[in-house]
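# Notes for the structure review
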Amino acid sequence: MANSKNNLILVSTLLMLLQLHFTPSKAAIKGGYWYSESGLAVSNINPSHFTHLFCAFAHLDPNTNKVTISSSDSSQFSTFTQTLQAKNPSVKTLLSIGGGFGPSLAANFSRMARQANTRKSFIDSSIQQARSNNFLGLDLDWEYPSSDTDKTNFASLIKEWKEAVTKESRTSGKAPLFLSAAVAGSDQITPLKYYPGKDVANNLDFVNVMAYDLFTSEGYPTVTQPPAPWNNPRGQFSAEQGVTEWNKTLGVPLNKLNLGLPFYGYKWSLSDSNKNGLFAPAKQGLGAVKYKDIKNVAAQVVFDSTYVTNYCFKGTDWFGYDDTQSISAKVVNAKQKGLVGYFAWHIEQDSNWALSQAASQAWGM
Ligand SMILES: *[C@@H]1O[C@H](CO)[C@@H](O)[C@H](O)[C@H]1NC(C)=O
Ligand SMILES: *[C@@H]1O[C@H](CO)[C@@H](O)[C@H](O)[C@H]1NC(C)=O
């Protein structure tokens, strides 16, 4: 009897040590962007698959350098947090500012970041928008800084942003707003050297690495491609390579990086319906297609575990995309590599929450 008590103590001590050793230092991030233009009502989001939901997008006013919300968005944005937390009380919400709208918006971010007073307009108004609309954080989507000057100014912007949210938290007595950014996931998209990695590591809570759109049907119209492969034995660019560069070259800890998951794919028209694998000859690239629309085609689905991608085909229609298999495998790889989590762009494109659920289950607790 005495022995079994000692054994019990030994076992529980061992369990404690194991827990200390294996408990990750940060809670996982299971993120998703809701895009207001997608038409999905916030009340129809299933927040149970997510820890963080990003509300996209607030705008940068080029005249005042303030963060604004379109009047058509204001009612859904102002109730975003409340609506989602009614279903999942622990979900964190962030207001995303900017977006991938091309060089004109990038130029406006560049101009705003150039001077201390315009940075202050941006920063102060962003905090004001977050607080007055009940968001718990802010997400900078400047796509993309593209010069050494931008790099310096991006660094000043996020440093001053962090100081401002820390100060605001002391004054308001509220928890500081989270700060994040959506960043390019590969030199294939834009040169990563124009991001100030150390300042990102020091001032942002986490970073959404957009490790997708690496091989699109617009970019490669004559050969079918895996648009967002985890691995790439044929070439340099892959999701894994992108997050490694963010860590090793730019110096951001892996446990601040979220892996981007595209909830859409790309369509090609095959030259020969019998040549229907990866890197098959194509007549034409036909652009991006939502996951839910790809599923409606009822095509034959293939999982390629080398690249970690799915593709499917029907006749000469061919889609490279992520289905539940590649989403799950990428999420498992991201977790094993030591990333803090993942995020999806964007959640309305999912089909009955299949990808959202697959990602969440693959990560586990
Ligand atoms: C950028 O600013 C210019 C004015 O300087 C404006 O005309 C343009 O619409 C802005 N672009 C975006 C995407 O907001
Ligand atoms: C890469 O990430 C690891 C784990 O978070 C971190 O310890 C390491 O310092 C990072 N590498 C660099 C060069 O910052």
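What counts and what doesn't
All residue numbers refer to positions counted from 1 along the written sequence of the respective chain. Numbering of ligands from 1 and lettering of chains from A proceed in the order in which they are written. Reporting of local features is limited, given that this is a predicted model, to residues whose pLDDT is at least 70; pairs of side-chain atoms are given and counted only at 80 or more, and all residues count toward the totals for whole chains, interfaces and linings. Side-chain numbers here rest on the full set of heavy atoms in the structure, without hydrogens or water. Think of it this way: DSSP has to see at least two bridges between two strands before they count as a pair. Helix numbers and strand numbers start at the N terminus; a helix is a DSSP run of H or I with at least 4 residues, a strand a run of E with at least 2. To define axes, lines are fitted to C-alpha atoms, for helices over the stretch in contact only, and angles between the resulting N-to-C directions are given on a 0 to 180 degree scale. The contact criterion used throughout is that any non-hydrogen atoms of two residues lie within 4.5 Å. UniProt positions are given in the numbering used here, feature names are shortened, and annotations may be inferred rather than shown by experiment. The term salt bridge refers to a pairing of a side-chain nitrogen on Lys or Arg with a carboxyl oxygen on Asp or Glu at a separation within 4 Å. Partly exposed describes any residue whose relative accessible area lies between the buried limit of under 20% and the exposed limit of over 50%, with all areas from a 1.4 Å probe on protein chains only and scaled to the type maximum.

### Points about the sheet that holds strand 11 (residues 300-304)
Strands sit in the order 10-9-13-12-11 across an open sheet of five strands; the sheet is antiparallel. Both outer strands of the open sheet, strand 10 (282-290) and strand 11, are each paired with one neighbouring strand and no more. Put simply, the sheet's adjacent strands are angled 20° from each other on average, direction ignored. Contacts from helix 10 (residues 324-337) reach strand 11, strand 12 (309-314) and strand 13 (317-321) within the one sheet, and its direction differs from that of strand 12 by about 170°.

### Notes on the UniProt feature "domain: GH18" (unreviewed entry) in the protein
Taking the numbering used here, the UniProt-annotated feature "domain: GH18" (unreviewed entry) corresponds to residues 28-365. Secondary structure content for residues 28-365 is 33% helix and 26% strand, and the end C-alpha separation is 8 Å.

### Here's the deal with the pattern of salt bridges
In the structure shown here, the tally under the stated rule is 10 salt bridges. The closest approach of N and O atoms between Glu-160 and Arg-119, which form a salt bridge, is 2.7 Å. Note that Glu-160 is positioned in helix 6 (residues 148-172) and Arg-119 in helix 5 (residues 116-132), a separation of 41 residues in sequence. You can call Arg-119 buried: its relative accessible area is 8%. The closest approach of N and O atoms between Glu-163 and Lys-159, which form a salt bridge, is 3.7 Å. With a gap of four residues between them, Glu-163 and Lys-159 both fall in helix 6, about one helical turn apart. A relative accessible area of 46% places Glu-163 in the partly exposed class. Within the structure, one salt-bridge network assembled from shared partners comprises Lys-290, Lys-292 and Glu-348.

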